[in-house]
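Observations on the three-dimensional arrangement
Chain residues, written in single-letter form:
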Amino acid sequence: MSDKEVILTQDGLKKLEEELENLKSVKRREVAERIKVAIGYGDISENSEYEDAKNEQAFIEGRIITLEKMLRNARIINNDEIDTDIVSIGSTVAVEDLEFGDIVEYTIVGTAESDPLNNKISNESPVGKTILGKKVGTIVEVSVPAGIIQYKILEIKK
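The shown structure was predicted, so the numbers you read here are calculated from the model rather than taken from an experiment. (Residues numbered from 1 in each chain as written. Predicted model: local features only at pLDDT ≥ 70, side-chain atom pairs only at ≥ 80, totals over all residues. Heavy atoms only, no water.)

It is worth spelling out helix 1 (residues 10-40) at this point. Across its 31 residues, helix 1 extends 44 Å between first and last C-alpha, which sits within 8% of the 45 Å expected from 1.5 Å per residue. Largest kink in helix 1: about 40°, centred on Leu-23. The inward-facing, buried residues of helix 1 contact strand 1 (6-9), helix 2 (48-72) and strand 2 (74-77). Positive phi appears at Gly-42, one or two residues downstream of helix 1, with a value of about 110°. (Helix = DSSP H or I, 4+ residues; strand = E, 2+ residues; numbered from the N terminus. Expected span 1.5 Å × (residues − 1). Bend = angle between axes of the 7 residues up to and from the residue. Contact = heavy atoms within 4.5 Å.)

Laid out in structure tokens, this is it:
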């Protein structure tokens, strides 16, 4: 079974590399120290500090493995690859909600760096999937849990 390609922008790559470095150099040491201190409390069979630290250690190691795998399978979208004629991964797109008149700007990113609270939406999300490949002026219908939303693409930029 082959590993899934992870699509990242330059910013996304940098953030994942920084997180990996922090986990390896800072968090590993911190949790190792917590385990050492907890062992110093004596009997570890009923030691909640030890148990918590071991669980955190397992989480950190799992996250490190995940990040390393993502970085190994990364395809980086360079700024000059981003087309401003059609919506593509890396594009920042201004859309207007035709029902309410709200204008929202989304950046289309790969799933690994999706952050809806900061308007970075995945290319696999309902909105991202629907607007990919579309041009300025196009009206699209997006099926979301609340129903159907109509968006008009107003602007595409890098």
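Once the structure has been displayed, the description carries forward.
As a further point, take helix 2. Counted at 1.5 Å a residue, the expected span for helix 2 with its 25 residues is 36 Å, and the 36 Å between its end C-alpha atoms agrees. Within the sequence span of helix 2, burial applies to Tyr-50, Ala-53, Ile-60, Ile-64, Leu-67 and Met-70. In this structure, the buried side of helix 2 is in contact with strand 1, helix 1 and strand 2. The backbone nitrogen of Glu-49 has a side-chain oxygen 3.1 Å away, supplied by the residue at the start of helix 2, namely Asn-47. (Buried < 20%, exposed > 50% of the residue type's maximum accessible area, 1.4 Å probe, protein only. Polar contact = N/O pair within 3.5 Å; in protein donor to acceptor, adjacent residues only side chain to side chain.)

Spatial ordering of the open sheet is given by 5-4-3-7-6, a layout of 5 strands whose pairing is mixed. Where the open sheet ends on each side, the last strands, each with one partner, are strand 5 (120-122) and strand 6 (139-144). When strand polarity is set aside, the average angle formed by the axes of neighbouring strands in this sheet is 45°. (Pairing = 2+ DSSP bridges. Axes fitted to C-alpha atoms, helices over the stretch in contact; angles between N-to-C directions.)

Every second residue of strand 1 is oriented toward a common face, with Val-6 and Leu-8 on one face and Ile-7 and Thr-9 on the other, all of them buried. Bridging between strand 1 and strand 2 involves 4 bridges; their strand directions are parallel. Bridging across to strand 2, Thr-9 finds its partner in Ile-77.

Right, let's get into the confidence of the model for the chain. Scored by pLDDT, the chain comes out at a mean of 92, with 99% of its residues at no less than 70. Ranking the helices and strands of the chain by mean pLDDT puts strand 3 (residues 92-97) first, with 96, and strand 1 last, with 90. (pLDDT = per-residue confidence, 0-100.)

Before going further, it helps to spend a moment on the packing of helix 1 against helix 2. In contact at an axis separation of 9 Å, helix 1 and helix 2 are set at 160° when each is read in the N-to-C sense. In terms of orientation, helix 1 and helix 2 fall into the roughly antiparallel class. Helix 1 and helix 2 meet at a crossing whose hand is left-handed. Partitioned by chemical class, the residues of the contact of helix 1 with helix 2 number 15 nonpolar, 1 polar and 13 charged. (Parallel < 35°, antiparallel > 145°, perpendicular 65-115°, else oblique. Left-handed = near helix turned anticlockwise from the far one by under 90°. Nonpolar A, V, L, I, M, F, W, Y, C, P; charged D, E, K, R; others polar.)

In this section: the nonpolar core. Counting 18 residues, the largest nonpolar core has Val-87, Val-93, Ile-108, Val-127, Ile-131, Tyr-151 and Ile-153 as its most contacted members. Broken down by secondary-structure element, the contributors of at least two residues to this core are strand 3, strand 4 (103-109), helix 3 (126-131), strand 6 and strand 7 (147-157). For Ile-108, the contacting residues outside a window of four places in its chain are Val-87, Ser-88, Ile-89, Gly-90, Ser-91, Val-93, Ile-121, Asn-123, Gly-128, Ile-131 and Leu-132. Counting residues in hydrophobic clusters, the runner-up holds 15 residues, among them Val-6, Leu-13, Leu-20 and Leu-67. (Core = buried A, V, L, I, M, F, W, Y, C linked by side-chain atoms within 4.5 Å.)

Glancing now at the pattern of salt bridges. Summed over all chains, the structure comprises 9 salt bridges. Of the charged contacts in the structure, one is a salt bridge between Arg-75 and Glu-5, with a shortest N-O distance of 3.3 Å. You can see Arg-75 sitting in strand 2 and its partner Glu-5 sitting in the segment before strand 1, a full 70 residues away along the chain. With relative accessibility at 44%, the residue Glu-5 sits in the partly exposed group. For Glu-19, the salt bridge goes to Arg-63, with nearest N and O atoms at 2.8 Å. In this pair, Glu-19 is assigned in helix 1 and Arg-63 in helix 2, connecting sequence segments 44 residues apart. Among the residues examined, Glu-19 registers a relative accessible area of 28% and is labelled partly exposed. Residue Arg-63 is classed as partly exposed on the basis of its relative accessible area of 26%. (Salt bridge = Lys/Arg side-chain N within 4 Å of Asp/Glu carboxyl O.)

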